Amino acid sequence: MTRDPSDSRLDLGMDAAITRRDFVNGALVGASALLTASGPAGAAAAGPFAPSGSAWTGYGGVGDYSVSNGNTEQVRDAAHLIRDGAYEAIATSPVEESWDVVVIGGGFSGVTAAYEFSRQAKPGQSCLLLENHPVIGGEAKQNDLDVDGIRLTGPQGSNESLVPVQPYGERYEVFRDYWHEIGMPTDFPLVPLAGGAEKYHIPNSHYDPMVIEREFDVGYYFGADGWRTNPWKDAFRSTPWPENIRRDVDDFFNNRRDGSALPGAGDGFDRFLDSMSYRELLDRLGYGPEISSYVNPLIGVGNYGVCSDAISAYAARRLTLPGTIPSGASSRFSNLKAVSFPGGNATILRTMLKRMIPDAIQGDGGLLANATAPFNPAAFDRPGQAIRLRLSSTVVRVEHDGPPDKAERVFVTYARNGRLHRVAAKAVVVGAGGWVARRIVRDLPSDIAEAYSGFNYGPVMTANIGLRHWRFFDRLGIIAARWFDGLGWEACIRRDVDLTGNARPLTPDSPIMLTLYIPILRPGEDMAAQGAVARQYLLDTSYATFERQIREQLTAMFGSHGFDARRDIAGIVLNRWGHAYFAPSPGFFFGKDGKEAPHETIRRSYGRIRFAHSELQGNMNMAHAMLEARRGARQAAALI
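It should be emphasised that the depicted structure is a prediction, and the values quoted were computed from it without experimental measurement.

A. Structural view of unusual backbone geometry. Look at the link from Ala-50 to Pro-51: it is a cis peptide, with omega at -5°. Although it is not a glycine, Thr-320 sits at a positive phi angle of roughly 50°. For Thr-320, the position within the fold is in the loop between α11 (313-318) and β8 (338-339). Non-glycine residue Asn-417 carries a positive phi angle of around 55°. Here Asn-417 is to be found in the loop between β11 (410-416) and β12 (419-430). Asn-417 sits in the exposed class, given a relative accessible area of 56%.

B. Representation of the side chain of Gln-125. When you line up the elements, Gln-125 lands in the loop between α4 (108-120) and β2 (127-130). Residue classification places Gln-125 among the buried positions, given a relative accessible area of 16%. Only 2.9 Å separates the side chain of Gln-125 from the backbone nitrogen of Lys-122, close enough to count as a polar contact.

C. Geometry of the environment of Arg-151. Along the polypeptide, Arg-151 turns up in strand β4 (residues 150-155). Each C-alpha atom of the pair Arg-151 and Arg-171 lies 36 Å from the other, and the pair is 20 residues apart in sequence.

D. Representation of the pattern of salt bridges in the model. A complete count under the given rule lists 41 salt bridges for this structure. A salt bridge links Glu-73 to Arg-76, with the nearest nitrogen and oxygen atoms 3.5 Å apart. Of this pair, Glu-73 and Arg-76 are both found in helix α3 (residues 73-83), three residues apart, which corresponds to roughly one turn of the helix. Residue Arg-76 is classed as buried on the basis of its relative accessible area of 16%.

E. Inspection of the side chain of Gln-156 at higher detail. For Gln-156, the position within the fold is in the loop between β4 and β5 (161-162). A polar atom in the side chain of Gln-156 sits 3.0 Å from the backbone oxygen of Gln-142. If near-sequence neighbours (up to four positions away) are discounted, Gln-156 is found in contact with Tyr-65, Ser-68, Asn-69, Gly-70, Glu-139, Lys-141, Gln-142, Asn-143, Thr-462, Asn-464, Asn-575 and Trp-577.

F. Geometry of the packing of aromatic side chains. Taken as a whole and judged by the stated rule, the model has 43 aromatic pairs. Measuring from centroid to centroid gives 6.0 Å for Trp-232 and Phe-253, while their planes differ by 15°, and the two rings are stacked. Separated by 21 residues along the polypeptide, Trp-232 in the loop between β7 (227-229) and α7 (243-253) and Phe-253 in helix α7 bring together distant segments of the chain. Owing to a relative accessible area of 17%, Trp-232 belongs among the buried residues under this scheme. Aromatic side chains Phe-375 and Phe-380 sit 5.8 Å apart centroid to centroid with 75° between the ring planes, which places their arrangement in the edge-to-face category.

G. Structural context of the pairing of strand β17 (residues 569-582). By the criterion of burial, β17 is predominantly enclosed, with 13 of the 14 residues buried. Looking at chain direction, strand β13 (residues 457-467) and β17 are connected through ten bridges and run antiparallel. When the bridges of β17 are listed, Gly-458 appears paired with Tyr-581.

H. Quick peek at the environment of Gln-617. Within the fold, Gln-617 resides in the loop between β18 (609-611) and α21 (622-638). Sequence spacing of Gln-617 and Phe-589 is 28 residues, and the spatial spacing of their C-alpha atoms is 8.4 Å. If sequence neighbours within four positions are ignored, Gln-617 has contacts with Arg-171, Arg-318, Phe-588, Phe-589, Arg-603, His-624, Leu-627 and Glu-628. Within the structure, Gln-617 has its side chain in polar contact with the side chain of Glu-628 (distance 2.8 Å).

I. Representation of the sheet that holds β13 in the model. Spatially, the three strands line up as an open sheet ordered β16-β13-β17, and their pairing is antiparallel. Only two strands of the sheet have a single partner each, and these edge strands are β16 (512-519) and β17. Going from strand to strand, the sheet's axes swing by 20° on average, the running direction of each strand aside. Sheet strands touched by helix α18 (residues 543-558): β13, β16 and β17. Its angle to β17, the strand with the most contacts, is close to 110°.

J. Highlighting the packing of α4 against helix α12 (residues 346-356). One can describe the packing of α4 onto α12 by two numbers: an axis separation of 10 Å at closest approach and a directional angle of 25°. Relative to α12, α4 is oriented roughly parallel. In this structure, α4 meets α12 at a crossing whose hand is left-handed. Contacts between α4 and α12 involve Phe-108, Val-111, Thr-112, Ala-114, Tyr-115 and Ser-118 on the former and, on the latter, Ile-348, Leu-349, Met-352, Arg-355 and Met-356. Of the residues contributing to the contact of α4 with α12, the split by class is eight nonpolar, two polar and one charged.

K. Looking closely at the sheet that holds strand β14 (residues 480-483). In spatial order, the strands read β7-β6-β14-β15; together these four strands make up an open sheet with mixed pairing. At either margin of the open sheet sits one strand with a lone partner, and together these are β7 and β15 (490-492). Adjacent strand axes in the sheet meet at a mean angle of 20°, parallel and antiparallel pairs treated alike. Where β14 and β15 come together, three bridges link them in antiparallel fashion. Note that in β15 the partner of Ala-480 across the bridge is Cys-492. Against the sheet, α18 makes contact with β6 (218-221), β7 and β14, and its axis sits at roughly 105° relative to β14, the strand it touches most.

Criteria and cut-off values
Residues numbered from 1 in each chain as written. Predicted model: local features only at pLDDT ≥ 70, side-chain atom pairs only at ≥ 80, totals over all residues. Heavy atoms only, no water. Helix = DSSP H or I, 4+ residues; strand = E, 2+ residues; numbered from the N terminus. Buried < 20%, exposed > 50% of the residue type's maximum accessible area, 1.4 Å probe, protein only. Polar contact = N/O pair within 3.5 Å; in protein donor to acceptor, adjacent residues only side chain to side chain. Salt bridge = Lys/Arg side-chain N within 4 Å of Asp/Glu carboxyl O. Contact = heavy atoms within 4.5 Å. Phe/Tyr/Trp six-rings, centres within 6.5 Å; stacked < 30°, edge-to-face > 60°. Pairing = 2+ DSSP bridges. Axes fitted to C-alpha atoms, helices over the stretch in contact; angles between N-to-C directions. Parallel < 35°, antiparallel > 145°, perpendicular 65-115°, else oblique. Left-handed = near helix turned anticlockwise from the far one by under 90°. Nonpolar A, V, L, I, M, F, W, Y, C, P; charged D, E, K, R; others polar.

Following this line, the structure appears as structure tokens:
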């Protein structure tokens, strides 16, 4: 076609072909094997949104995960049928199978529960795991892109893990035990640097420049006012901000104002913090509203999905945010040993899966194979094995066979391939999130239902962008960028773990996967509604709209430094997580109005159903998922 120079769509490369060649011999097979096993809609679709065929889901990359990039349209629609009451009055169907334990959810909570059951199970005992996505992992999945013959991998969600070389407290003990048991190492060689990259301290994790910024060269982008590199070095005087904002940001950045000195803090500082929002704490410390705007994106993508005015100040203490820790103290993250694998924590989940079902992943079980080898879907649901995984299976109804305190089994109904199926279990572990649990469990006691009614969640979108080089970062002399308008807020160059031991050196001319953790924030909205309003925007926006915004954002920031969206972007994969994080409001941790804390109520569970998702710890992460799941699995095992 004839190109119209005025068509910005063409200037941005919106019409450019996406590289789609899969590695059949060596790294990952094409999507066809997994599609045959799970059969999602649009499996044979071609065009710009292959293999999803959905203008909302968009391009999924290559390899096994290409059919499961975040909440796809199919997964979204299946979940909304539950939300909209489509299964309120379903006909009772015969029980097709009986199990000792049924686990609901295939993220870290569900996989850990199944893994723990496999450790505890007696001969002949059985466990069925039901996962609504077509690929196991929940948010612990990865995206793969082929850029000019080089495979790039990025995390869909769950990312960065502490390496258990020191005690991290009782909430991390289960994680530590599993880490060593499944054979994870504690030292990881990183890809070597060359071609001028040696002059930079390049993080292994996307989160490091967010939380320990002073260790890296970070550029702040101010639109028409251009770039400022490491503005914290001159107390932000080089920024275009007014003096009062520069002073506040500098105090906040250096944690100079101590919340424990406020009236009322007394000896019960944690309870004091849990009595207010983090925004309220910042206000009491004399910070202007601009500080909330400054920290909100970190709160959004770091652990809670919402803004400072929608979380307990004690939740902010969990992230060691300024004002919640002693004045002058630095973030605890600067003293921790952590690792980020190319696909994030998917590598750890896959290693657990390999340990539980050895031939679920091809290869010899070494770290490289666990991280990159193709799945073997035929092994997931093989008759006769103790643990079976059933994908693309959306649980729609869970209820006891009679009064919960007297019932001897639980019925679980799930939708798969256009049909409803019903199974029975002696015990059920709900590893899916609370937003699912409170809708599918039909005989939920009133106290647990009330506890769940106060649970709020926030969305996050992860964009993995295959770039042909990062020379434009190098020309600016930075490895991370931060901006304050438009889509997203932060991006960094990452130095991957060298899984092969002979990886190509990373240079500014190397192809990279640029991962954007994008908060969808609606500050000022009611605490309970904030996540829902943001989530609706995430649901209402097409892939093409987000793609354009990403291309425009990168062009605005880096276009004058050699970036060309048409030439330099090989592909973009979006991962939408409508309930990415639990957002604990004031009172969640210690209770309020004389009532028990809601997580304690839910953790007790009832009958033969056990709730074991990570939000019961107040912030959703891998270690907390493992902690709750082991408890749930052991309690379930005791019932059989």
